[in-house]
Amino acid sequence: MKALVISAIVATTVMGASLIDEAKSAGLKPIPSSAKALEKLTSNLKNPTTAAKVELGKMLYFEPRLSKSGLISCNTCHNLATGGTDGMASAIGHKWTSNPHGLSSPTVYNAVFYSQQFWDGRSPHLEDQAQGPIQAGPEMAAPKAFVEGVVNSIPEYVTLFKKAYGKDVKIDFAKVADTIAVFERTLVTPSRYDDFLNGKKNALSKEEQKGLKTFITKGCTTCHNDIALGGTMQAFGVAAPYKHMNVGDFKGDANGMVRVPTLRNVTQSAPYFHNGQIATLNEAIKEMGRIQLGVDLNDQETAEIHTFLKSLEGKKPSIIYPMLPASTATTPKVDVHNN
Ligand code: HEC
Ligand code: HEC
């Protein structure tokens, strides 16, 4: 009995070692285990991460007064308590408007690792991206001057911007977006899968390793690779068209390419696909096999991959809900009857 247990452990470890190599040659990469290496990877050289910027960026991320209604913050749609998303098939914003293209809110966790932002990849980085939703009519609907007015009317914010950027800082719209982006750069979620790829051979169970192996051999890593297991533009509907393509009018970028979403914490980001038409992870896995690889994954293969994907649930940074400073007489007012 003892010998059996030991040989099982040895077998897992041996499989573990070669599987790590296999995963790496398939293009999978771990979140680095050293804090220094991670910071180098996630920091923006033009706007280096500091504790003062992160703290202020967090406040702005949760700040509903950056929206025209005074009710919607980044956290409304990218709720950090629910996997960085909202659970809606199509995002709901200003005046209860649903996204005009029928697009769902992707998670903000680990978005720092993407080479392009948005489902069609139209934004190169988080700093640029953050300017979009604040102004977008169906999201927060706030013009630049409105946002600048809010922040500059609250002395505590002015003090915090000075602390973060120096006393001569010009607090304009871009600075607000840049600061939110610095906070987003900290939203990474290392998991046991990273421990495994970083060399800890028993960090994944035998079943999870089997699932990883299936994930690789079936070809999922052709597109879901690198640190995020996503983040690049890829063809969509390679072998067959997506069965819910007619819901919403999203067609990808000019070449029909779609930005691959991360699979980290994917257990938390249902409903799936750009228009949120797939309710369960098993169905998403099968649909991917059918439309992207031209294979019909059976129930067992699907379950194996599902087991592996669960191991990508990571440790979220612990976030203390920020207390926001009070409005003043000059803070732009919300006119609820004419908004
Ligand atoms: C009304 C809901 C809503 C609000 C509010 C909102 N977003 Fe989004 N966000 C979305 C949707 C929908 C998308 C995808 C849109 C697209 O691809 O065209 C998105 C995309 C993103 C992305 C790109 C992620 C990826 O996978 O490409 C990031 C990052 C992001 N939002 C951050 C923010 C920040 C920061 C704020 C606050 C300033 C914010 N969002 C406010 C709904 C929202
Ligand atoms: C040819 C590239 C490609 C291959 C191969 C591929 N995917 Fe995808 N995957 C994508 C793209 C692009 C999307 C986004 C599709 C959309 O929503 O429009 C996606 C979306 C997903 C989603 C939904 C994520 C979410 O948050 O909505 C899951 C789950 C997924 N893939 C798993 C897999 C699995 C498992 C495999 C292997 C069986 C696989 N993918 C193979 C490109 C690929």
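Residues numbered from 1 in each chain as written. Chains lettered and ligands numbered in written order. Predicted model: local features only at pLDDT ≥ 70, side-chain atom pairs only at ≥ 80, totals over all residues. Heavy atoms only, no water.

In this structure the iron atom of ligand 1 is ligated by exactly one protein donor, H78 (NE2), at 2.0 Å. Mapped onto the elements, H78 comes out in the loop between α4 (74-77) and β1 (92-93). (Donors = N, O, S within 2.8 Å, 3.2 Å for Na, K, Ca; no water. Helix = DSSP H or I, 4+ residues; strand = E, 2+ residues; numbered from the N terminus.)

On to the site of ligand 1. As a structural note, the neighbourhood of ligand 1 is formed by 28 residues, with C74, C77, H78, F118 and R259 the closest of them. Between ligand 1 and F118, the relevant distance is 2.5 Å, taken from an oxygen atom to a main-chain nitrogen or oxygen of the residue. Secondary structure elements with two or more residues in the shell around ligand 1: α4, β1, α5 (126-135) and α8 (173-184). Among the elements that line the shell around ligand 1, the one with the most residues is α5, at 4 residues. Across the shell around ligand 1, the residue classes tally to 16 nonpolar, 8 polar and 4 charged. (Near = heavy atom within 4 Å. Polar contact = N/O pair within 3.5 Å; in protein donor to acceptor, adjacent residues only side chain to side chain. Nonpolar A, V, L, I, M, F, W, Y, C, P; charged D, E, K, R; others polar.)

Another aspect to go through is the domain arrangement of the chain. We note that the domain assignment places domain 1 (27-36 + 189-310) and domain 2 (38-184) within the chain. On a C-alpha basis, the centroid separation for the pair domain 1 and domain 2 is 26 Å. In this complex, domain 1 contributes 32 residues to the contact, which on the side of domain 2 involves 27 residues. In this assembly, domain 1 packs against domain 2 so that about 2300 Å² is buried in total across both faces, 60% of it on carbon and sulfur atoms. For the domain 1 face of the interface with domain 2, the top three residues by lost area are F250, R259 and H274, together amounting to 23%. Remark: the boundary between domain 1 and domain 2 carries 0 salt bridges. Summed over the shared surface of domain 1 and domain 2, the number is 15 residue pairs in polar contact (both at pLDDT 80 or more). Listing elements by their share of the side of domain 1 that touches domain 2, those giving two or more residues are α2 (35-42) and β4 (257-259). Along the lines of polarity and charge, the residues of the side of domain 1 that touches domain 2 split into 12 nonpolar, 15 polar and 5 charged. (Domains from an automatic or database assignment. Contact = heavy atoms within 4.5 Å. Buried area = accessible area lost by both parts, 1.4 Å probe. Salt bridge = Lys/Arg side-chain N within 4 Å of Asp/Glu carboxyl O.)

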